[in-house]
Amino acid sequence: MVIHMTDVGSIISGLGSVVVALFFLLIVLSMAIRIVPEYRRIVLFRLGRLVGSRGPGIVFIMPFIDRAVTVDLRILTLDVPVQEVITKDNVAIKVNAVVYFRVLEPAKSVVEVENYIVATSQLAQTTLRSVVGSVELDEVLSSREKINQELQKIIDDRTDPWGIKVSAVEVKELELPEGMKRAMARQAEAERERRAKIIAAEGELQAAEKLSEAAHKMETSPVTLQLRYLQTIREISGERNTTTFFPIPVDLVQPFIDRITCKEKKDS
């Protein structure tokens, strides 16, 4: 069998066309097939019009006609930078926070806002300044959980049209001026001194009440006074004490006391 050169050229050109067609087909298939993970969704636009969200799994798109935007559905952590805020009682403080949010409706997060991460960050900054600036410093320090809940509610309500759910907002750090720190330290010290004085006064009152009860007991039973006298001598007589105590019964010296009293009456 004789093969002419023209036939060889046509065969080579035909094989080249097939190879080019297969290569083009592979490119088209690679552009038409997308594998979407479980934690992502694809928002599909066809000729500029929203088609909807697709995924997870294998998603087929029309090359050169459809435009796909990938959206992550995992919880994102947004660090709100330090904000200088003046509280309701005119105290300048620095505060920052962290926001936890996720996308619930991928189509809204792409269509309703240009960049939902940047928009949420700016909204969190303005809301943080607004909420902290509307309360006094003592409330910021003591009611941080209440402020966190208020921040979360406001940001969540404003981002709801964007298809975003804010799960939590936490105020991380609160920086006070040095003068305010010293003033708060003096206030805490004065408060501790006040409590100490109150406790000491209450102790004096309780001691006075107990002494009054003891006096009534000794009045009804004079022997208790003598027993208390002996107990006091025992307490103040230590092992290394150089002072010696000699208890003398009152009955022993009572006749001398009566004789002196009678002599003074006669002289008068």
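Please refer to the structure placed before this passage.
What counts, and where the lines are drawn
Residues numbered from 1 in each chain as written. Predicted model: local features only at pLDDT ≥ 70, side-chain atom pairs only at ≥ 80, totals over all residues. Heavy atoms only, no water. Pairing = 2+ DSSP bridges. Helix = DSSP H or I, 4+ residues; strand = E, 2+ residues; numbered from the N terminus. Core = buried A, V, L, I, M, F, W, Y, C linked by side-chain atoms within 4.5 Å. Buried < 20%, exposed > 50% of the residue type's maximum accessible area, 1.4 Å probe, protein only. Contact = heavy atoms within 4.5 Å. Salt bridge = Lys/Arg side-chain N within 4 Å of Asp/Glu carboxyl O.

Can you explain the pairing of strand E6 (residues 76-86)? Please cite residues and give values.
Where a strand is regular, its side chains alternate between the two sheet faces. Pairing of E6 with strand E7 (residues 92-103), which is carried by nine bridges, proceeds in the antiparallel orientation. Note on E7: the bridge partner recorded for Val 80 is Ala 97. Hairpin connection, E6 to E7: the antiparallel pair is bridged by five residues, and Asn 90 has positive phi, about 60°.

Go over the nonpolar core with me, naming the residues and quoting the values.
Counting 35 residues, the largest nonpolar core has Ile 93, Val 99 and Leu 128 as its most contacted members. The set of elements that each furnish at least two residues to this core consists of strand E2 (40-46), E6, E7, helix H3 (116-133), helix H4 (137-142), helix H5 (144-159) and strand E8 (164-175). Considering each element in turn, this core owes the most residues, seven residues, to H3. Not counting residues up to four positions away in its chain, the partners in contact with Ile 93 are Gln 83, Glu 84, Val 85, Thr 87, Val 132, Leu 137, Leu 174, Glu 175 and Leu 176.

Please give an account of the pairing of E7 that cites residues and values.
Here E7 runs beside E8; their pairing, made up of 10 bridges, is antiparallel. Bridging from a neighbouring strand, Val 95 pairs with Leu 174 of E8.

Tell me about the pattern of salt bridges, and please be specific about residues and values.
In this structure the tally under the stated criterion is 10 salt bridges. Close ionic contact of Asp 66 with Arg 46 constitutes a salt bridge, the shortest N to O distance being 2.7 Å. With a gap of 20 residues between them, Asp 66 in strand E5 (residues 66-72) and Arg 46 in strand E2 connect regions that are remote in the sequence. Looking at Arg 46, the relative accessible area reads 33%, which means it is partly exposed. Among the ionic pairs, Lys 146 bridges to Glu 139, the shortest N-O distance being 3.5 Å. You can call Glu 139 partly exposed: its relative accessible area is 26%. One network of salt bridges, in which partners are shared, links Glu 191, Arg 194 and Arg 195.

Remember that the coordinates give geometry; whether it matters functionally is a separate question.
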